[in-house]
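Residues per chain, in single letters:
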Amino acid sequence: MLRIDLPGQPPLELQHLVLDFNGTLALRGAVVAGAAERLHALSAVLTLHCVTGDTFGTARVALEGLPVNLHVLPATGQSIAKRDYVAGLDGGVCAIGNGWNDRLMLEKANLGLAVLMNEGAAGATLMAARAIFPSILDALDALLVPGRMVAVLRD
């Protein structure tokens, strides 16, 4: 479990990290350099999931050897499928995404984070997030050192 203590709010107690793949954890189908090490570190305290439409068909190979449960979604209805996936997990959930199809997942999660990356992010997804990071590495680092989020999320 990952606990984030935020002044003026109940603590966030997270058991799961749910990630989008393309545009979030990966660019053009390849995992962002430096993300694998961070995912290994986070897997000591969180169960890691990747829910994706797998636009480039590379997620399974790209995530091989990483402590991530992969769930490939059908081509349509992904927004609702991602939201329902998060809703079906027991315990607190942090979700990270960037696309239009991630907005409901971020809203449903106990902690929704958006990343901009090189591909940009959907405006509705940014609005659904509790915090926005310039890259997946920055978002994962904030989870690895949760005290960094106090200034952004405090009441």
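In what follows, the accompanying structure is described. Nothing here was measured: the structure is a model prediction, and the numbers come from that model.

A word on unusual backbone geometry
Phi is mostly negative for residues that are not glycine, and the peptide bonds are mostly trans.
Okay, so step 1: Positive phi, normally seen in glycine, also occurs at D54, with a value near 50°.
Okay, so step 2: With respect to the helices and strands, the residue D54 is situated in the loop between strand 5 (47-52) and helix 2 (59-62).
Okay, so step 3: A relative accessible area of 14% places D54 in the buried class.
Okay, so step 4: Even without being glycine, M117 reaches a positive phi, approximately 50°.
Okay, so step 5: Tracing the backbone through its elements, the reader meets M117 in the loop between strand 8 (111-115) and helix 5 (123-128).

Comments concerning the side chain of N101
Okay, so step 1: Mapped onto the secondary structure, N101 falls in the loop between strand 7 (92-97) and helix 4 (103-108).
Okay, so step 2: Polar contacts involving the side chain of N101 include one to the side chain of Q78, which spans 2.6 Å.
Okay, so step 3: Residue contacts for N101: discarding those within four places in its chain leaves Q78, S79 and K82.

Re the side chain of R103
Okay, so step 1: Residue placement: R103 occurs in helix 4.
Okay, so step 2: Buried within the structure, R103 lacks any salt-bridge partner; its nearest side chain of opposite charge belongs to E107, at an N-O separation of 6.3 Å.
Okay, so step 3: For R103, the residues in contact, after removing those within four places along its chain, are S79, A124, T125 and A128.

What about helix 6 (residues 136-144)?
Okay, so step 1: Buried within helix 6 are the following residues: I136, A139, L140, D141, A142 and L143.
Okay, so step 2: Looking at the buried residues of helix 6, the elements they touch are strand 1 (2-4), strand 2 (12-19), helix 1 (35-42), strand 7, strand 8 and strand 9 (131-133).
Okay, so step 3: Between the side-chain oxygen of the N-cap and the backbone nitrogen of L137 there are 3.3 Å, and the N-cap of helix 6 in question is S135.

Focus: the packing of aromatic side chains
Okay, so step 1: Per the counting criterion, the structure on display carries zero aromatic pairs.
Okay, so step 2: Over the aromatic face of W100 sits the side chain of R103, whose NZ or CZ is 3.9 Å from the ring centroid.

Quick notes on the rules
- Residues numbered from 1 in each chain as written.
- Predicted model: local features only at pLDDT ≥ 70, side-chain atom pairs only at ≥ 80, totals over all residues.
- Heavy atoms only, no water.
- Helix = DSSP H or I, 4+ residues; strand = E, 2+ residues; numbered from the N terminus.
- Buried < 20%, exposed > 50% of the residue type's maximum accessible area, 1.4 Å probe, protein only.
- Polar contact = N/O pair within 3.5 Å; in protein donor to acceptor, adjacent residues only side chain to side chain.
- Contact = heavy atoms within 4.5 Å.
- Lys, Arg positive; Asp, Glu negative; His and termini not counted.
- Salt bridge = Lys/Arg side-chain N within 4 Å of Asp/Glu carboxyl O.
- Phe/Tyr/Trp six-rings, centres within 6.5 Å; stacked < 30°, edge-to-face > 60°.
- Lys NZ or Arg CZ within 6 Å of the ring centre and 35° of its normal.

Everything listed is a geometric property; what it means functionally is a separate question.
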